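What the coordinates show
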Amino acid sequence: MANRIVVVGSSNTDMIIQAARIPRPGETILGGQFTMAAGGKGANQAVAAARAGGQVTLVARVGDDIFGRQAIDGFVNDGINVDHVTKDGQAPSGVALIFVAADGENSIGVASGANGCLSLDDIAKAAIAIGSADVVVMQLETPIDTVRAAAQLAASRKVRVILNPAPAQPLSDDILKCVSVLTPNETEAELLTGIKVDSDEQAAAAAKVLRDRGIEI
């Protein structure tokens, strides 16, 4: 039987221009190649889990606009349950505007839109799905109070919580003690522990600090 996975998080549409270089402030440059892709850390987690064979439910907000409708259609095509993906009538869908230069340098701006409106009420409405999941997966592209509520609800039902602590920000112990698996990179680990991670020894020291704060793994 497939694992029941609930992803609580963000959905964005990425608009990408590949150009010779990044425009300077105030400058317009012509040329380049435009592509548009589904994105958002939460949506990426949900799609990856579904394509790996999981039974996935996504808890998210998108705008009631073309980007939101396209996102939902994409989730459905990947077999994701969208019963808890809300179309927000007030906020637009999240978008990321990305310049990628020929040398690989990039410049990114993100307008969170409806992602910033994912609410405690949205978590309450998804309580049955969260409480009956095998695992809840999250990141930090939605309001921190929503992340906290989802983590605490899952932990209270003995549901494992996997948290990607990105984009990096400080996290309180009342969130961390609900997390079973934390997946920080070096920057995120340093922010959470105060230990600069440049070696295996420093990584182990940072991991101990996180374990002492309540992380299972």
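Here, every reference points to the structure presented above.
Quick summary incoming for the structure in this document. The shown structure was predicted, so the numbers you read here are calculated from the model rather than taken from an experiment. (Residues numbered from 1 in each chain as written. Predicted model: local features only at pLDDT ≥ 70, side-chain atom pairs only at ≥ 80, totals over all residues. Heavy atoms only, no water.)

Our focus in this paragraph is the overall build of the protein. In terms of helices and strands, the protein carries 8 helices and 10 strands. Taking 217 residues into account, the globule formula puts the C-alpha radius of gyration at 17 Å, and the protein, at 18 Å, falls close to it. The dimensions of the protein, computed from C-alpha atoms along their principal axes, are 55 × 45 × 30 Å. For the protein, the residues scored as buried account for 43% of the 217 residues in total. A sequence separation of at least 24 residues applies to 67% of the contacts in the protein between residues at least 6 apart. Summed over all atoms, the accessible surface of the protein reaches about 11100 Å², with 53% contributed by carbon and sulfur. Of the charged side chains in the protein, 18 are positive and 25 negative; the average position of the first set lies 5 Å away from that of the second. (Helix = DSSP H or I, 4+ residues; strand = E, 2+ residues; numbered from the N terminus. Rg over C-alpha atoms; globule rule 2.2 N^0.38 Å. Buried < 20%, exposed > 50% of the residue type's maximum accessible area, 1.4 Å probe, protein only. Contact = heavy atoms within 4.5 Å. Areas by Shrake-Rupley, 256 points an atom, 1.4 Å probe, with all protein chains shown as cover. Lys, Arg positive; Asp, Glu negative; His and termini not counted. Charge placed at Lys NZ, Arg CZ, Asp CG, Glu CD.)

The next thing to look at is helix H2 (residues 66-77). End to end, H2 covers 16 Å across 12 residues, agreeing with the expected 16 Å (1.5 Å per residue, within 8%). For H2, the complete set of buried residues consists of Gly68, Ala71, Ile72 and Phe75. Summarising the axial view, the buried residues of H2 lie within an arc of 95°, below the 170-degree limit, and thus occupy one face. Buried residues in H2 make contact with helix H1 (41-51), strand E4 (55-63) and strand E5 (81-88). Once H2 ends, the next one or two residues include Gly79, with phi positive near 80°. (Expected span 1.5 Å × (residues − 1). Arc of directions from axis to C-beta.)

You can see Ile22 is positioned in the loop between strand E2 (12-19) and strand E3 (33-39). Not counting the four nearest positions on each side in its chain, Ile22 is found in contact with Phe99, Val100, Ala101, Glu105, Asn106 and Ser107.

Because each turn of an α-helix spans 3.6 residues, side chains separated by three or four positions in sequence point in the same direction. When the terminal C-alpha atoms of helix H5 (residues 144-156) are compared, their 18 Å separation across 13 residues agrees well with the 18 Å that a helix rising 1.5 Å per residue should span. Taken together, the buried positions of H5 are occupied by Thr146, Val147, Ala150, Ala151, Leu153 and Ala154. The arc enclosing the buried residues of H5, seen along the axis, measures out at 165°, which places them on a common side. Structurally, H5 contributes buried residues whose contacts are with strand E1 (4-8), helix H3 (120-125), helix H4 (127-131), strand E8 (135-138) and strand E9 (160-163). Of the residues one or two after H5, Lys158 is the one with positive phi, at around 65°.

The next point concerns the nonpolar core. In this structure, Val6, Val8, Ile130, Val136, Met138, Leu163 and Leu182 are the most contacted members of the largest nonpolar core, which totals 30 residues. If you list the elements that add at least two residues to this core, you get E1, H4, E8, H5, E9 and helix H6 (173-176). Counting residues per element, this core draws most heavily on H5, which supplies 5 residues. Setting aside residues up to four positions removed in sequence, Leu163 forms contacts with Met138, Gln139, Leu140, Leu171, Ile175, Val179, Val181, Leu182 and Thr183. Counting residues in each nonpolar core, the second largest holds 19 residues, with Ile5, Val7, Ala46 and Val82 among its members. (Core = buried A, V, L, I, M, F, W, Y, C linked by side-chain atoms within 4.5 Å.)

Strand-to-strand pairing in sheets goes through backbone hydrogen bonds, with the strands running parallel or antiparallel. Ordered by their spatial adjacency, 6 strands build an open sheet running E5-E4-E1-E8-E9-E10, and the pairing between neighbours is parallel. Where the open sheet ends on each side, the last strands, each with one partner, are E5 and strand E10 (181-182). On the sheet, H5 packs against E1, E8 and E9 and is oriented at approximately 165° with respect to E8. (Pairing = 2+ DSSP bridges. Axes fitted to C-alpha atoms, helices over the stretch in contact; angles between N-to-C directions.)

Glancing now at the pattern of salt bridges. The final tally for this structure, using the stated rule, is 12 salt bridges. A salt bridge links Asp145 to Arg148, with the shortest nitrogen-to-oxygen separation between them at 2.8 Å. Separated by 3 residues within a single helix, Asp145 and Arg148 lie in helix H5, roughly one turn from each other. Judged by its relative accessible area of 44%, Asp145 is partly exposed. Taking the shortest distance from any N to any O, the salt bridge between Arg213 and Asp173 comes out at 2.6 Å. (Salt bridge = Lys/Arg side-chain N within 4 Å of Asp/Glu carboxyl O.)

Along the polypeptide, Asn12 turns up in strand E2. Side chain to side chain, Asn12 and Asn115 meet in a polar contact 2.8 Å long. (Polar contact = N/O pair within 3.5 Å; in protein donor to acceptor, adjacent residues only side chain to side chain.)

Turning our attention to the sheet that holds strand E6 (residues 94-101). What the 4 strands build is an open sheet, ordered E3-E2-E6-E7; its pairing is mixed. Edge positions in the open sheet fall to E3 and strand E7 (106-111), since each of these has one partner strand only. Neighbour-to-neighbour, the strand axes of this sheet turn through a mean angle of 15°, independent of strand direction. Looking at chain direction, E2 and E3 are connected through 7 bridges and run antiparallel. The residue bridging Asn12 from the neighbouring strand is Gly39, located in E3.

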